[in-house]
Amino acid sequence: MWQLLHKSNKSPFQIIIFGFLLVILTGSILLMLPLSTREGTVTPFLDALFTSTSAVCVTGLVIHDTATYWSEFGQLIIILLIQIGGLGVVTVAGAFAILSGRRIGLMQRSTMQEAIAAPHVGGIVRLTGFILKTALAVELLGAALLFPVFCKEFGLIRGAWYALFHSISAFCNAGFDLMGIKAPFSSLTDYAAQPVVSVVIALLIVVGGIGFLTWEDIRTNRLSFHKYRMQSKVILTVTGALILIPAIYFFFFEFAGKPIGERVLLSVFQSITPRTAGFNTADLTAMSETGQSVITILMLIGGSPGSTAGGMKTTTLAVLLASALAVFRRRENPHFFNRRVSNETVSQAATILMMYLILFLVGGLVISRIEEIPVLTCLFETASAIGTVGLSLGITPQLHWISHLILIGLMFFGRVGGLTLIFAALSNTQGTNARLPQERITVG
């Protein structure tokens, strides 16, 4: 991968797409091996491709239950694909190059910059090192916190593996779980009232989903919020609102019959996981259509740019809302924290919204027509796929191969990003940020 990056004359966006495709194909081949399944059988290519795409695109939609169908080797392949997909193919390739002492040229630095949505090329190698160290530390800390619970339930060795697997899956916002040994596709419903598992998994999701540059701002400026980049301020503000507002709705309307402690855990967890983790501690099929619709909207929004999450992104939503507010106030440009947002950024946000809505709606309608399943149920699955979430109402394993291909395409689009695909297809990708204001905000 790094040799390709070193010699290729392709744009950074094309290299990012090729890297993801290469890892997905390699993962598919490995998952097809008899060694990867508990029964020792060859997995059909489409099933392996779907699982590999879901893992690399950190989605969590599955055809086969991860715990009962895949062997320990298969589970190891899946978690490695999740780690690579969560941190980013280019970031991982860059890490190996840094560790091996290879020279990092300007082209490689530019590609690494685009891969993690950094504002400039300078310091990109240092930032990559910070990302890898922080990710490893957070995942190990999460595993250590989960270990006592899983060790008590599954034993020392399996408990350690379960703790590490779920910590990586949560931090990378993947949503893959190994709880199918209790009931297939049950996710974390057995831990709805377990505070350690619910809180640790939720925190890992949030930390993974706010973005690498936001981490650096927090590390550098601590509690001095006014010193943060505009993008970090927007991400933290929108993320907080998107956790609080849905949690209040869930608390009063969806889980009103539960004990107060479990009710709080359920409400907060279900407001966090749709952006874009894919774990659930509640039975989603038992929720009202309104509750499912709220989750669908949250899944489309997704996480933040330059993070382990996918989706339309919190900054895209923020730019669109600020643009609408500017129109109401008859201002020429939207503003964040006394900083102007360029017209180009607004146009990009509108383009991303249009692409996501069209693909989400068309995909859902086509699947509904093919499968003869209610439209709202199918839209839930397509929102989960394009938002790289992984939440499901249980229809994914029963879908036909055409529907699986549609979901594969949506998962890939949701992880790579609409603007990356557009810029990769255009020849004049260089200089696209020339007219942005001094402090850039990334959307999509």
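Quick notes on the rules
- Residues numbered from 1 in each chain as written.
- Predicted model: local features only at pLDDT ≥ 70, side-chain atom pairs only at ≥ 80, totals over all residues.
- Heavy atoms only, no water.
- Phe/Tyr/Trp six-rings, centres within 6.5 Å; stacked < 30°, edge-to-face > 60°.
- Helix = DSSP H or I, 4+ residues; strand = E, 2+ residues; numbered from the N terminus.
- Axes fitted to C-alpha atoms, helices over the stretch in contact; angles between N-to-C directions.
- Parallel < 35°, antiparallel > 145°, perpendicular 65-115°, else oblique.
- Left-handed = near helix turned anticlockwise from the far one by under 90°.
- Contact = heavy atoms within 4.5 Å.
- Nonpolar A, V, L, I, M, F, W, Y, C, P; charged D, E, K, R; others polar.
- 1 Å grid on protein atoms, 1.4 Å probe; cavity = no way out; pocket = protein on both sides within 12 Å on 5 of 7 lines; lining within 4 Å.
- Points joined across faces, edges and corners; volume = space filled by probe spheres on them.
- Buried < 20%, exposed > 50% of the residue type's maximum accessible area, 1.4 Å probe, protein only.
- Patch = residues over 30% accessible without salt bridge, like charges linked within 9 Å, V, L, I, M, F, W, Y side chains within 5 Å.
- Areas by Shrake-Rupley, 256 points an atom, 1.4 Å probe, with all protein chains shown as cover.
- Salt bridge = Lys/Arg side-chain N within 4 Å of Asp/Glu carboxyl O.
- Expected span 1.5 Å × (residues − 1).

A.B. asks: I keep staring at the packing of aromatic side chains and nothing clicks. Help me out?
C.D. replies: Aromatic ring pairs: the centre-centre distance and the angle between the two ring planes describe each pair. Evaluation of the coordinates by the stated rule reveals 15 aromatic pairs. Summarising the aromatic geometry, the rings of Tyr 249 and Phe 253 are spaced 5.3 Å apart at their centres and angled 25° between planes, so their arrangement reads as stacked. Placement of the pair is Tyr 249 and Phe 253 together in helix H12 (residues 230–254), with a separation of four residues, close to one helical turn. Measuring from ring centre to ring centre gives 5.2 Å for Tyr 356 and Phe 413, while their planes differ by 65°; the resulting arrangement is edge-to-face. Placement of the pair is Tyr 356 in helix H16 (residues 343–371) and Phe 413 in helix H18 (residues 401–416), with a sequence separation of 57 residues. The rings of Phe 150, Phe 154, Tyr 162 and Tyr 191 are connected pair by pair, giving a single aromatic cluster.

A.B. asks: Before we go on, may I ask you to explain the packing of helix H5 (residues 72–87) against helix H9 (residues 156–171) in this structure?
C.D. replies: The geometry of a pair of packed helices is captured by two quantities: the angle between their axes and the separation between those axes. Between H5 and H9, the least distance of the axes is 9 Å, while the angle of their chain directions is 30°. What the angle tells us is that H5 and H9 run roughly parallel. Crossing of H5 against H9: the hand is left-handed. Facing H5, whose interface residues are Gln 75, Leu 76, Ile 79, Ile 82, Gln 83 and Leu 87, H9 presents Trp 161, Phe 165, Ile 168, Ser 169 and Phe 171. By residue class, the composition of the contact of H5 with H9 is eight nonpolar, three polar and no charged.

A.B. asks: Before we go on, may I ask you to explain the layout of surface pockets in this structure?
C.D. replies: Think of a ball as big as a water molecule: rolled over the atoms, this probe shows where empty space is left. Approximately 480 Å³ is the volume found for the second largest pocket. Taken together, 26 residues form the lining of the second largest pocket, with Phe 185, Ser 186, Ser 187, Asn 280 and Ser 392 sitting closest to its centre. The residue makeup of the lining of the second largest pocket, split by class, is nine nonpolar, 14 polar and three charged.

A.B. asks: Hey, could you run me through the environment of Val 294 in this one?
C.D. replies: Structurally, the position occupied by Val 294 is in helix H14 (residues 289–301). Along the backbone, Val 294 and Tyr 249 are 45 residues apart, and their C-alpha atoms lie at a distance of 9.2 Å. The residues touching Val 294, leaving out its near neighbours within four places in the chain, are Pro 246, Tyr 249 and Phe 250.

A.B. asks: Before we go on, may I ask you to explain empty space enclosed by the protein in this structure?
C.D. replies: Applying the stated criterion across every chain yields a total of one cavity of 30 Å³ or more. What the largest cavity holds in volume is close to 70 Å³. In terms of lining residues, the largest cavity is bounded by Ile 205, Val 206, Gly 209, Ile 210, Thr 239, Ile 243, Ile 272, Arg 275, Gly 303, Ser 304 and Thr 314. The dominant element in the lining of the largest cavity, judged by the number of residues it contributes, is helix H10 (residues 195–209), at three residues. Of the residues that constitute the lining of the largest cavity, the class distribution is five nonpolar, five polar and one charged.

A.B. asks: It is not clear to me how unusual backbone geometry should be interpreted in this structure. Could you clarify?
C.D. replies: Leaving glycine aside, a negative phi is the common case for residues, and trans is the common case for peptide bonds. Here the residue pair Arg 275 and Thr 276 is connected by a cis peptide bond, since its omega of 0° sits within 30 degrees of zero. Of note, Thr 276 is situated in the loop between helix H13 (260–272) and H14. If you check the backbone angles, Phe 337 has positive phi at about 50° while not being a glycine. Positionally, Phe 337 belongs in the loop between strand E1 (335–336) and strand E2 (339–340). The class for Phe 337 is partly exposed, based on a relative accessible area of 39%. Of note in the backbone geometry, Glu 372 takes a positive phi value of approximately 55° without being a glycine. Take Glu 372: it is sitting in the loop between H16 and helix H17 (375–386). Here Glu 372 falls in the exposed class, since its relative accessible area comes to 67%.

A.B. asks: So what exactly am I meant to see when it comes to the packing of helix H8 (residues 124–154) against H9 here?
C.D. replies: Two numbers describe how H8 lies on H9: the axes approach to 7 Å, and their chain directions differ by 140°. Judged by the angle between their axes, H8 and H9 are oblique. Here H8 runs over H9; the crossing is right-handed. Here H8 contributes Ala 135, Val 138, Glu 139, Gly 142, Ala 143, Leu 146, Phe 147, Phe 150, Cys 151 and Phe 154 to the contact with H9, which in turn contributes Leu 156, Arg 158, Gly 159, Ala 160, Tyr 162, Ala 163, Leu 164, His 166, Ser 167, Ile 168 and Phe 171. Looking at the contact of H8 with H9 residue by residue, the class counts come to 15 nonpolar, four polar and two charged.

A.B. asks: Explain the side chain of Asn 221 to me, please; I cannot follow it from the model alone.
C.D. replies: Relative to the assigned elements, Asn 221 resides in helix H11 (residues 212–221). Once you skip the residues sitting within four places of it in the chain, Asn 221 turns out to touch Lys 227 and Tyr 228.

A.B. asks: When you look at a nonpolar patch on the surface in this model, what are you seeing that I'm missing?
C.D. replies: Residues Met 354, Ile 358, Val 362, Val 366, Ile 370, Trp 401, Ile 402 and Leu 405 make up a contiguous nonpolar surface patch of roughly 690 Å² in combined accessible area. Tallying contributions element by element places H16 first for the nonpolar patch, with five residues. Looking at the secondary structure, you find Val 366 in helix H16.

A.B. asks: Can you help me understand the side chain of His 166 in this one?
C.D. replies: Structurally, His 166 can be placed in helix H9. Among residues more than four places away in sequence, those in contact with His 166 are Leu 146, Phe 150, Phe 176, Asp 177, Leu 178, Met 179, Leu 188, Ile 201 and Phe 279.

A.B. asks: Looking at this model, I keep getting lost on H13. Mind explaining?
C.D. replies: It helps to recall that an α-helix has 3.6 residues per turn; residues three or four apart then point in one direction. The end-to-end C-alpha distance of H13, which contains 13 residues, comes to 19 Å, matching closely the 18 Å that a straight helix rising 1.5 Å per residue would cover. Taken as a whole, H13 has its buried residues at Glu 262, Arg 263, Leu 265, Leu 266, Ser 267, Phe 269, Gln 270, Ser 271 and Ile 272. Of the surrounding secondary structure, the elements contacted by the buried residues of H13 are H10, H12 and H14.

Don't take any of this as a statement about function, it's just geometry.
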